[in-house]
Amino acid sequence: MDEQGPTNGCPGCRCLEARCRELEARILALEEQVRLLTAALEEARRAGKRQAAPFRKPKTVKKPKKPGRKRGKDYGEHAHRVAPENATVDEQHEASLPPECPRCASTNIEEYVETDEQFQTEIVCRTIRRRFVIHRGRCGDCGAALVGRHPLQTSTCTGAAREQLGPIAHTLMSVFNKQLGLSHGKVAWLLEKVFHVKIDRSTSARSVQRTGRRCEAAYEQIRRDVRASDQVTPDETGWRVGGQKAWLHAFASPRATCYEVDPTRSGQPAERLLGLDWPGRLVHDGWSVYDRFVEAIHQQCNAHLLNRCNELLEVARRGAVRFPRAVKRLLQKGLATRDRYQQGQLSTHGLRVATGRFTAALGRLVNGRFTHDGNRRLANFLHQHLDEVFAYLRHPGMDATNYQGEQAIRPAVVNRKVWGGNRTWVGARAQSILTSVLRTCTQRDIDLLGFFAQALTSPTPITIPP
C-alpha cells in the first residue's frame, strides 16, 4: 500500500486543493469587502440623521492653504464698486467732526479745509396705487360690447374683483417662489414687511398659477427651441406632488431649458419633447431609456464614469484596483487631449488618431476577465457603450459631461428641500412652465421682470425673444 498521504500523486486531489486555496482567497477578499461596505453603510446612516450632513466636508487638512486668489499676474483685475452710469445725487448729508476727541476728551478740535467724499446707493421700497377709469361702449355697426383696457392692467375684472395687484407684484411672487425657493408663506411675509403689500399665502399660490397660464405660449416655444437644438443634455431628479412620488425632468440646451414634472421615471417626457427620431447630440448619464434615441449621437457623461471608478477604488482590494485605475487614467487622458485641441496644440488629424487609440485601449480593457462584481458591471456597461465614451472627441464642441443638465436641475433640488414639491398637478404644471421660462430668460440675458410684466399685461400670448 502506498505510504504517501492521500493527496500525493493524485491529479484530482491536487486540483481540489488548488480550488480550495482559490476559494479561501476569494472568501478573505469578500470578507474584507463586506467589512468596508458595512463601515461605509454605517457612516451613511449616521450622516443621514445629521441635519447638516449635506454640507459637511469628508476630510480636513491640518495646514490648509490660504483662501482667496494669490498675488501675482494670475490674480486678475482688482475690482471695486464704481459709480453707476449717469448717477445723480438725490440726498446730501454732512459727516461733521465730533465735539470732543474720543481719545482724550479734549474740545480743542482743529478742522481741516479739505474734505473727503463717499457715495452710497440705497434701496427705497415704495408702492403706488393706480386707479383705472374703464370706458365702456358698443360698436355702432354690429352692436358688440366694447371695454377699454390700459397697457398696465393685468385683468379687466370689476365689481367685487376690482382690487388687483400690478404686474411687478405678480412677477415678484413667481420669482421669489420659483427662482429663489421661498415658500408662499415667506413670500407673503416679504411683501408685507418690505413692500407694505399685505397678502395671504393663498394669494401667492394663485398668482403663481395665473402667471404660469399666461406663459403657456412661451413654454411651448421653449419646447420647440430645445427640440431644434443641436445638443441637449437631459437629467432628472425625484419630486413630490401632493406628497406622492413624481419626477422632475430637465432638458438643457445652450439657449433654452425645458422642465417637465411627470408621475413616472420613464422615457416618455424625453420622447414627447424630442421624438425617438431626433438626430442631435445627446449628452447624458447611464440611464438606459436614452438608448432608445437610435438616431442621436450619444455621449456618456465622463464625470459619472470617473465617479464610478473612484467608488470602486474605495472598496476594491489587491488586483481589483487595476481595472478602475486604468479606466480612470484613460478617461483623464481623453479630457486632457480635448483641452490640448481647444488650445491649438493638437491638429484635427491628431485628435482623430488619439480618439481611435483611446477607444481601442478601452475595448481591450473591458474584454478582460473580472472576478470583482463592481468591475464586471462597469466593464459590461462600457462594452455596451464603447463608441459613446469618447464621442466628444469625434465631434469637437460636444460636451464630455452632462454638467449643463446638472446645473439646470440644481435649483429645483434646492427648492425641493425647502418646500418639498407641489401640492397639486396644477401647481406642478405651473412649476414646469415658470422654471422653464426663468431659466431660458437667464440663458438669453432677458430681463425677467420686464418679460413677466409684459406677459401679464398683454391681451394676447407672447413668446420669448430668440
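Per chain, residue numbering runs from 1 following the sequence as it is written. Only residues with pLDDT of at least 70 are given local features in this predicted model, and only at 80 or more are side-chain atom pairs given and counted; all residues enter the totals for whole chains, interfaces and linings. Working from all heavy atoms in the structure, the side-chain values ignore hydrogens and water.

## Some remarks on the overall build of the protein chain
- Secondary structure elements follow DSSP: runs of H or I of four or more residues count as helices, runs of E of two or more count as strands, with numbering from the N terminus. The helix and strand inventory of the protein chain stands at 14 helices and seven strands.
- Radius of gyration means the value over C-alpha atoms here, while the globule rule gives 2.2 Å times the residue count to the 0.38 power. Whereas a compact globule of 466 residues would reach a radius of gyration of roughly 23 Å, the protein chain reaches 32 Å, over 25% beyond that.
- Projected onto the principal axes, the alpha-carbon positions of the protein chain cover approximately 120 × 90 × 50 Å.
- Between buried and exposed lies partly exposed: a residue is buried under 20% and exposed over 50% of the maximum accessible area for its type, with that area taken using a 1.4 Å probe on protein chains only. Counting over 466 residues, the protein chain shows a buried share of 36%.
- Contact criterion: two residues are considered in contact whenever any of their non-hydrogen atoms come within 4.5 Å of each other. Intrachain contacts of the protein chain at a sequence separation of at least 6 include 61% that bridge at least 24 residues.
- As displayed, the protein chain offers around 31,500 Å² of accessible surface, 52% of which is attributable to carbon and sulfur atoms. Accessibility throughout is a Shrake-Rupley quantity obtained with a 1.4 Å probe, and a residue counts as covered only by protein chains that appear here.

## Some details on the pattern of salt bridges
- In the sections that follow, a salt bridge refers to a side-chain nitrogen of Lys or Arg positioned within 4 Å of a carboxyl oxygen of Asp or Glu. In the structure shown here, the tally under the stated rule is 13 salt bridges.
- Two residues, Glu 216 and Arg 429, come together in a salt bridge whose shortest N-O distance is 2.8 Å. On the criterion of sequence distance, the pair formed by Glu 216 in helix α5 (residues 216-227) and Arg 429 in helix α13 (residues 425-443) is long-range, its members being 213 residues apart.
- With a relative accessible area of 28%, Glu 216 lands in the partly exposed category.
- A salt bridge links Arg 272 to Asp 262; the nearest nitrogen and oxygen atoms lie 3.1 Å apart. Here Arg 272 is found in helix α6 (residues 268-274), whereas its partner Asp 262 is found in strand β5 (residues 257-262), with ten residues between them in sequence.
- With a relative accessible area of 7%, Asp 262 lands in the buried category.
- Here the salt bridges do not stand alone but share partners, grouping Arg 223, Glu 260, Asp 262 and Arg 272 into one network.

## Section: helix α7 (residues 302-315)
- The first and last C-alpha atoms of α7 sit 21 Å apart over 14 residues, in line with the 20 Å expected at 1.5 Å per residue.
- Within the sequence span of α7, burial applies to Asn 302, Leu 305, Leu 306, Cys 309, Leu 312 and Val 315. Helix span, as expected, comes to 1.5 Å for every residue beyond the first.

## Focus: the pairing of strand β6 (residues 281-284)
- Across two bridges, strand β3 (residues 231-241) lies against β6 in parallel orientation. Looking across to β6, one finds that Val 232 is bridged to Leu 282.
- Paired strands are those between which DSSP finds at least two bridges. Pairing of β6 with strand β7 (residues 297-300) involves four bridges; the strand directions are parallel. Within β7, the position partnered with Val 283 by the bridge is Gln 299.

## A short note on the sheet that holds β7
- A sheet is described by the order of its strands in space; here five strands give the open sequence β5-β4-β3-β6-β7, paired in mixed fashion. Strands with a single pairing partner mark the edges of an open sheet, and in this sheet they are β5 and β7. The sheet shows a mean angle of 25° between the axes of neighbouring strands, direction not considered.
- On top of the sheet, α5 reaches β3, β4 (244-252) and β5; it is set at about 110° to β5, its chief contact. For helices, the fitted line uses only the C-alpha atoms of the stretch in contact; every axis is such a line through C-alpha atoms, and the angle between N-to-C directions lies from 0 to 180 degrees.

## Some thoughts on the packing of helix α8 (residues 322-342) against helix α10 (residues 373-384)
- Close contact between α8 and α10 brings their axes to 10 Å; oriented N to C, the two are set at 35°. The hand of the α8/α10 crossing is left-handed. In this structure, α8 uses Phe 323, Pro 324 and Val 327 to contact α10, whose residues at the interface are Asn 375, Leu 378, Ala 379 and Leu 382.
- Three classes are used: nonpolar for Ala, Val, Leu, Ile, Met, Phe, Trp, Tyr, Cys and Pro, charged for Asp, Glu, Lys and Arg, and polar for all others, with Gly counted as polar. Residue composition of the contact of α8 with α10, by class: six nonpolar, one polar and no charged. Crossing chirality is assigned from the near helix's rotation relative to the far helix, an anticlockwise turn below a right angle marking it left-handed and a clockwise turn marking it right-handed.

## Looking at unusual backbone geometry
- Positive phi is not limited to glycine here, since Ala 105 has a value of about 70°.
- When you line up the elements, Ala 105 lands in the loop between α1 (11-49) and β1 (136-138).
- One non-glycine residue, Asp 445, adopts positive backbone phi at about 55°.
- Assignment of secondary structure puts Asp 445 in the loop between α13 and α14 (448-457).

## Side note on the nonpolar core
- Among the buried residues, those of types Ala, Val, Leu, Ile, Met, Phe, Trp, Tyr and Cys that are joined through side-chain atoms within 4.5 Å form a nonpolar core. In terms of nonpolar packing, the biggest core is built from 34 residues, with Cys 215, Val 226, Leu 274, Leu 282, Val 437, Phe 451 and Ile 464 touching the most fellow members.
- If you list the elements that add at least two residues to this core, you get α5, α6, α13 and α14.
- Ranked by the residues each element gives to this core, the list is headed by α13, at six residues.
- With 30 residues, the next largest nonpolar core counts Leu 305, Leu 330, Leu 378 and Leu 386 among its residues.

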